[in-house]
Amino acid sequence: MGLAVGRRWRQTGRLAALLAGVSLGLAACGAPKSKPVAEPAPAVEVVRLGAAAGVDVIHATGALKREREPVLSFRIPGVITRLTVQEGDTVRAGQVIAALDATGVEARRRQAAADLERARRDLDRFEALAAKGFAPRQQLENQRTAVVQAQAALDSAGFDSRWATLSAPSAGVVLTRTAQSGEVVGAGQAVVTLADETSPLVLRAPLSDRDALRVAVGASATIRLEALPGEVLTGRISRIAQRADAQSGVVEVEIALDPRPGLRSGLIASADITPATRQVADGLRVPAEALLEANGPTAAVLVYTPSDRRVHRRPVRFIGFDGDAAVIDGLPAGAQVVTAGAGYVGDGQIVSVMGGDAR
């Protein structure tokens, strides 16, 4: 009796286990299978390396000017009674450009002449008295000094009289006229700026202090003008300022252009200057953010291979910086280097290229 009950209990247990297994299997078969979600490939930007840098130039922009552009002004104050030129007029050497009212200047000259005449008469009288012993020696010497002073005053008045007119010091073109007829001007106040057409045209352009230290007088330059599209002019650095501008910190250089008809002062031009010394050795230039690390001459970058869409870490030789670019060696021209996003991907990782020039 007991044995039969035990056997039935074991059979019942096996049946229950079997039914449970079948239930689980049916549940598993009926449940939908979930697929793993693939993470999107991180986005990066790449740049294609060009050929090895062999040409190192400094770029500058400025305006053409004549080497001599004098600003003409009166030495004395007065009222302008004559102003015979306009901006753009051509003048010849010695041509009268402007004149002041000479009434006051002439009055001072006549007064100085009268003072000199009186001093000379007094000197004659003192010399006669001194010869007879009636005038002390000191008074005679004082009167001789008075004559010298009166002569100097007359010379000064005559000099001022000559400066009552402005004449062109050379043939040229009037660039600016900053006064009008009838206007009261002070001594040294600009009236006319003249471009001396007998002097060469130069390009005056500002350079950063770093670039200014890399150029030398005599360095060659190629010049392009907006007014002459497609035409390339040549020139050489003729002057480098000995001090930087106090506010901007730039150093002005002067590039003398080879003669070319039709050029005029004020035209905007750009120049490519060949430096006397290279800032860095030849190499491949890449954006500085492409460097993963740099320890002395040792550095690394991520190179993108389009065939497998992966990036691979490559060691390179770090040469230095050229402006905002890093100069490296150890990669072939045409290699595609990761720039933006390089710090967020690892060696061998699949990436998605955004922009750049990847192919």
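What you see is a predicted model, and the numbers here were worked out from it, not measured in a lab.

### Quick word on the overall build of the chain
At step 1: Scanning the chain for helices and strands turns up four helices and 23 strands.
At step 2: Looking at the chain residue by residue over its 359 residues, the buried ones come to 33%.
At step 3: Intrachain contacts of the chain at a sequence separation of at least 6 include 73% that bridge at least 24 residues.
At step 4: For the chain, the exposed area adds up to about 21,200 Å²; of that, 55% sits on carbon and sulfur atoms.

### Examining the side chain of arginine 177
At step 1: Along the chain, arginine 177 falls in strand 9 (residues 172-177).
At step 2: There is no salt bridge for the buried arginine 177, and the closest opposite charge comes from glutamate 87, which lies 6.7 Å off by N-O distance.
At step 3: Polar side-chain contacts of arginine 177 include one of 2.6 Å to the side chain of glutamine 180.
At step 4: Leaving out residues up to four positions away in the same chain, arginine 177 has contacts with Leu83, Val85, Gln86, Glu87, Val191 and Val192.

### A look at helix 3 (residues 137-162)
At step 1: Here helix 3 spans 39 Å end to end across 26 residues, near enough to the 38 Å set by a 1.5 Å rise per residue.
At step 2: Listed as buried for helix 3 are Leu140, Gln143, Val147, Ala150, Leu154, Ala157, Gly158 and Asp160.
At step 3: Among the structural elements, helix 2 (103-131) are those in contact with the buried residues of helix 3.

### So, the layout of surface pockets
At step 1: In this structure, the largest pocket spans a volume of roughly 160 Å³.
At step 2: Taken together, Arg66, Val173, Leu175, Ala195, Glu197, Gly262, Leu263, Arg264 and Ser265 make up the lining of the largest pocket.
At step 3: Split by residue class, the lining of the largest pocket holds four nonpolar, two polar and three charged.

### As for the pattern of salt bridges
At step 1: The full count for this structure, using the stated rule, is 12 salt bridges.
At step 2: Its salt-bridge partner being arginine 125, residue aspartate 122 comes within 3.9 Å of it at the nearest N-O pair. Placement of the pair is aspartate 122 and arginine 125 together in helix 2, with a separation of three residues, close to one helical turn.
At step 3: Residue arginine 125 is classed as partly exposed on the basis of its relative accessible area of 44%.
At step 4: Among the ionic pairs, arginine 144 bridges to glutamate 127, the shortest N-O distance being 3.7 Å. Taken together, the residues arginine 144 in helix 3 and glutamate 127 in helix 2 connect sequence positions 17 residues apart.

### Some points on the packing of helix 2 against helix 3
At step 1: Packing of helix 2 against helix 3 leaves a shortest axis separation of 8 Å and a crossing angle of 160°. It follows that helix 2 is roughly antiparallel to helix 3 by the angle criterion. The interaxial crossing formed by helix 2 with helix 3 has left-handed handedness.
At step 2: Looking at the contact of helix 2 with helix 3 residue by residue, the classes come out as 15 nonpolar, five polar and nine charged.

### Here's the deal with the nonpolar core
At step 1: In terms of nonpolar packing, the biggest core is built from 26 residues, with Ile223 and Ile273 touching the most fellow members.
At step 2: Elements with a minimum of two residues in this core: strand 3 (58-66), strand 12 (201-207), strand 13 (220-225), strand 14 (232-240), strand 15 (251-257) and strand 16 (268-273).

### Looking at the sheet that holds strand 7 (residues 96-100)
At step 1: If you walk across this open sheet you meet the four strands as 8-7-5-10, and the pairing is antiparallel. Two strands bound the open sheet, and with one partner strand each, they are strand 8 (165-167) and strand 10 (184-185).
At step 2: Pairing of strand 5 (residues 78-83) with strand 10 involves two bridges; the strand directions are antiparallel. The residue of strand 10 that forms the bridge with valine 79 is valine 184.

### Thoughts on the pairing of strand 12
At step 1: Across the seven residues that make up strand 12, a large majority, six, are buried.
At step 2: Direction of pairing for strand 3 relative to strand 12: antiparallel, over a ladder of four bridges. If you follow arginine 66 over to strand 12, its bridge partner there is leucine 201.
At step 3: Bridge count for strand 12 against strand 15 is six bridges, and the pairing is antiparallel. Directly across from arginine 204, in strand 15, lies its bridge partner glutamate 254.

### Things to note about the sheet that holds strand 6 (residues 90-91)
At step 1: Spatial ordering of the open sheet is given by 4-11-9-6, a layout of four strands whose pairing is antiparallel. Edge positions in the sheet fall to strand 4 (71-73) and strand 6, since each of these pairs with one other strand and no more.
At step 2: Across five bridges, strand 9 lies against strand 11 (residues 190-196) in antiparallel orientation. Counted as the bridge partner of glycine 172 is aspartate 196 from strand 11.

### Some details on the environment of glycine 88
At step 1: Residue position: glycine 88 is located in the loop between strand 5 and strand 6.
At step 2: Every residue in contact with glycine 88, bar those within four places of it in the chain, is listed here: Val173 and Val174.

### Re helix 2
At step 1: With 29 residues, helix 2 should cover 42 Å at 1.5 Å per step; its first-to-last C-alpha distance of 43 Å lies within 8% of that length.
At step 2: Those residues of helix 2 that sit buried are Val105, Ala112, Leu116, Ala119, Leu123 and Phe126.
At step 3: A positive backbone phi angle near 85° is found at glycine 133, which sits one or two residues after helix 2.

Parameters and conventions
- Each chain has its residues counted from 1, running along the sequence as written.
- Two thresholds apply to this predicted model, a pLDDT of at least 70 for residue-level local features and 80 or more for giving and counting side-chain atom pairs, whereas whole-chain, interface and lining totals are computed over all residues.
- Only hydrogens and water are removed before side-chain values are computed, so all heavy atoms of the structure are retained for them.
- Helix numbering and strand numbering both begin at the N terminus, where a helix is a DSSP run of H or I of at least 4 residues and a strand a DSSP run of E of at least 2.
- Throughout this description, buried means an accessible area under 20% of the type-specific maximum (1.4 Å probe, protein chains only), exposed means over 50%, and partly exposed covers the range between.
- Should any heavy atoms of two residues lie within 4.5 Å, those residues are considered in contact.
- For accessible areas, the Shrake-Rupley method is used with a probe of radius 1.4 Å. Any residue's cover is judged against the shown protein chains and nothing else.
- As used throughout, the charge tally considers Lys and Arg to be positive and Asp and Glu to be negative, leaving His and the chain termini uncounted.
- Salt bridges are defined by distance alone: a side-chain nitrogen of Lys or Arg within 4 Å of a carboxyl oxygen of Asp or Glu.
- A 3.5 Å cut-off defines polar contacts: any pair of N or O atoms within that distance qualifies, except that in protein one atom must be a possible hydrogen donor and the other a possible acceptor, and neighbouring residues in sequence count only when both atoms are side-chain atoms.
- To estimate the expected span of a helix, count its residues, drop one, and scale the result by 1.5 Å.
- Here a cavity means grid points, on a 1 Å grid over the protein atoms only, where a 1.4 Å probe fits yet cannot get out; a pocket means an open set of points with protein on both sides within 12 Å along at least five of seven lines; lining residues are those with an atom within 4 Å of a point.
- Grid points are joined across faces, edges and corners, and a volume is the space filled by probe spheres set on the points.
- Under the scheme applied, nonpolar residues are Ala, Val, Leu, Ile, Met, Phe, Trp, Tyr, Cys and Pro; charged residues are Asp, Glu, Lys and Arg; polar residues are all the others, including Gly.
- Convention adopted: a line fitted to C-alpha atoms gives each axis, helices being fitted over their contacting stretch, and angles between N-to-C directions are expressed from 0 to 180 degrees.
- Should an angle fall under 35 degrees it is called roughly parallel, over 145 degrees roughly antiparallel, and 65 to 115 degrees roughly perpendicular, with every other angle called oblique.
- Crossing handedness follows the turn of the near helix against the far one: under a right angle anticlockwise gives a left-handed crossing, and clockwise gives a right-handed one.
- In this text, buried Ala, Val, Leu, Ile, Met, Phe, Trp, Tyr and Cys residues form a nonpolar core when linked through side-chain atoms within 4.5 Å.
- The rule for pairing is simple: two strands pair if DSSP sees at least two bridges between them.

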